[in-house]
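Residue-level structural notes
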Amino acid sequence: MEMHIIQWVRIHFFGFFLFTGASAYTDFEYNLITSLLEQYDINSRPVTNISDAIEVKLGLALNQIIEMDERNQILVTSVWFRLRWTDAHLTWNESDYGGVKSIILGTERIWRPDITLYNDVREEYVEPTAYNTIIQSSGAINWNYPTILRSYCKLDLRYFPFDQHACDLKFGSWTYDGVKLDLTNMSTSGDTSSFVVNGGWLLTSMPVKRNVVYYGCCPEPFPDVTFTIVIRRLSLYHMFNLVLPSIIIIGVSVLAFYLPPESGEKVSLGVTVLLTVTVFLLLVAENMPSQSEVIPLIGKF
């Protein structure tokens, strides 16, 4: 009986200790957030010196190629954004707030860079404010969120169905020039470790390049980070439905010349080949991307 009483006291004491500790930590976090946002202005660049440029690092993870609209030359992809920057107005001493090392805040409550996809073709843009940021005591901010991109991609279909394309995703600030916001890339290539294999396209590489461009509107430089998605078409489907039938039709057409003229089957074979070629041309026109800039080799063939 005595042992049961001792165990009961220990359990309740331990539970009370945990509850008290968690409550104190929550109070520290609440006081910290209240103190940080008391005079915070989301429209002001978070730098100590107004002449300094805030450095924003951009990373991108390609999750999936959803669709390649070859008629309109639009690439639809599922990606994960990774943004890093330091907010000089969101720093604190951990010892003053019970050892709180990081907090989570909604993006609508803090300043955030207006990173925009320059070659975006979406009709409506939705702000990713549903995803929170993680803020460290040093002011370092991590903002990761998923989104679906619809971007313009220039296609060269000359070697269809053995074609390869390089589609650019060009990101940059829409309002801040390079003097106020310095956009850089996190790595030399995009993250493809979580890429879901596509049945129609093979991802070969995803290099990243930083550019500094001067536009006609403004004398200041505008840096951008461009991710290039290099993809190659998987041609097995087109081999069986386009290339192989073409070879068979050529073989049958050549065979018709070896038949003797007095043979009645020669005319029937010629008419059959003509009808086959007509149907095959309709099939080729349906499967080939509609583009007037270049004629694919299969079309010339």
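Computed from a predicted structure; not experimentally measured.

Parameters and conventions
Residues numbered from 1 in each chain as written. Predicted model: local features only at pLDDT ≥ 70, side-chain atom pairs only at ≥ 80, totals over all residues. Heavy atoms only, no water. Pairing = 2+ DSSP bridges. Helix = DSSP H or I, 4+ residues; strand = E, 2+ residues; numbered from the N terminus. Axes fitted to C-alpha atoms, helices over the stretch in contact; angles between N-to-C directions. Contact = heavy atoms within 4.5 Å. pLDDT = per-residue confidence, 0-100. Disulfide = S-S within 2.5 Å. Buried < 20%, exposed > 50% of the residue type's maximum accessible area, 1.4 Å probe, protein only. Salt bridge = Lys/Arg side-chain N within 4 Å of Asp/Glu carboxyl O. Core = buried A, V, L, I, M, F, W, Y, C linked by side-chain atoms within 4.5 Å. Phe/Tyr/Trp six-rings, centres within 6.5 Å; stacked < 30°, edge-to-face > 60°.

1. Considerations on the sheet that holds strand 8 (residues 181-185)
A sheet is described by the order of its strands in space; here six strands give the open sequence 3-5-6-2-1-8, paired in mixed fashion. Since the sheet does not close on itself, it has two edges, and those belong to strand 3 (102-105) and strand 8, each with one partner. In this sheet, neighbouring strand axes are inclined to one another by 30° on average, regardless of whether the strands run parallel or antiparallel. By the bridge criterion, five bridges tie strand 1 (residues 54-69) to strand 8 in an arrangement that is parallel. Residue pairing in the sheet places Leu58 in a bridge with Asn185 of strand 8.

2. With respect to the side chain of Ser78
With respect to the helices and strands, the residue Ser78 is situated in strand 2 (residues 74-86). Filtering out sequence-adjacent residues up to four positions away, Ser78 remains in contact with Ala61, Leu62, Asn63, Gln64, Ile66 and Thr147.

3. A short note on the confidence of the model for the chain
Here the chain averages 81 in pLDDT, and 81% of its residues register 70 or above. Across residues 8-25, where pLDDT falls below 50, the model places three contacts with residues more than four positions away in sequence or in other chains.

4. A short note on the state of the cysteines
Joining two cysteines, a disulfide is a covalent bond between their sulfur atoms. Counted according to the given criterion, the structure contains one disulfide. Here Cys153 engages in a disulfide with Cys167; their sulfurs sit 1.9 Å apart. An S-S torsion of about -70° defines the bridge between Cys153 and Cys167 as left-handed. In this pair, Cys153 sits in the loop between strand 6 (140-152) and strand 7 (164-173) while Cys167 sits in strand 7, placing the two residues 14 residues apart along the sequence. Overall, the relative accessible area of 1% leaves Cys167 in the buried class.

5. Looking at the pattern of salt bridges
One pass over the full model with this rule turns up five salt bridges. In this structure, Glu70 engages Arg233 in a salt bridge whose closest nitrogen and oxygen atoms are separated by 2.9 Å. Pair noted here: Glu70 is in the loop between strand 1 and strand 2 and Arg233 is in strand 11 (residues 221-233), with a separation of 163 residues, a long-range link. Note on accessibility: Glu70 and Arg233 belong to one class, buried. Arg122 is paired through a salt bridge with Asp120; the nearest N and O atoms lie 3.1 Å apart. The class for Arg122 is partly exposed, based on a relative accessible area of 22%.

6. Let's talk about the nonpolar core
Of all hydrophobic cores here, the largest spans 55 residues; its most connected members are Leu58, Trp85, Ile103, Phe171 and Phe227. With seven residues, the top contributor of residues to this core is strand 1. When residues no more than four places from it in sequence are discounted, the contact partners of Phe171 are Leu58, Leu60, Phe81, Ile115, Thr116, Leu117, Leu149, Leu183, Asp224, Val225 and Phe227.

7. With respect to the packing of aromatic side chains
Within this structure, the stated rule accounts for 10 aromatic pairs. On the numbers, 6.2 Å between centres and 80° between planes, the contact of Trp85 with Trp111 is edge-to-face. With Trp85 in strand 2 and Trp111 in the loop between strand 3 and strand 4 (115-117), this pair connects stretches of sequence that are 26 residues apart. Accessibility assignment for this pair places Trp85 and Trp111 in one class, buried. Among the aromatic residues, those joined into a ring-pair cluster are Phe81, Trp85, Trp111, Tyr131, Trp143, Tyr145, Phe171, Tyr176 and Phe227.

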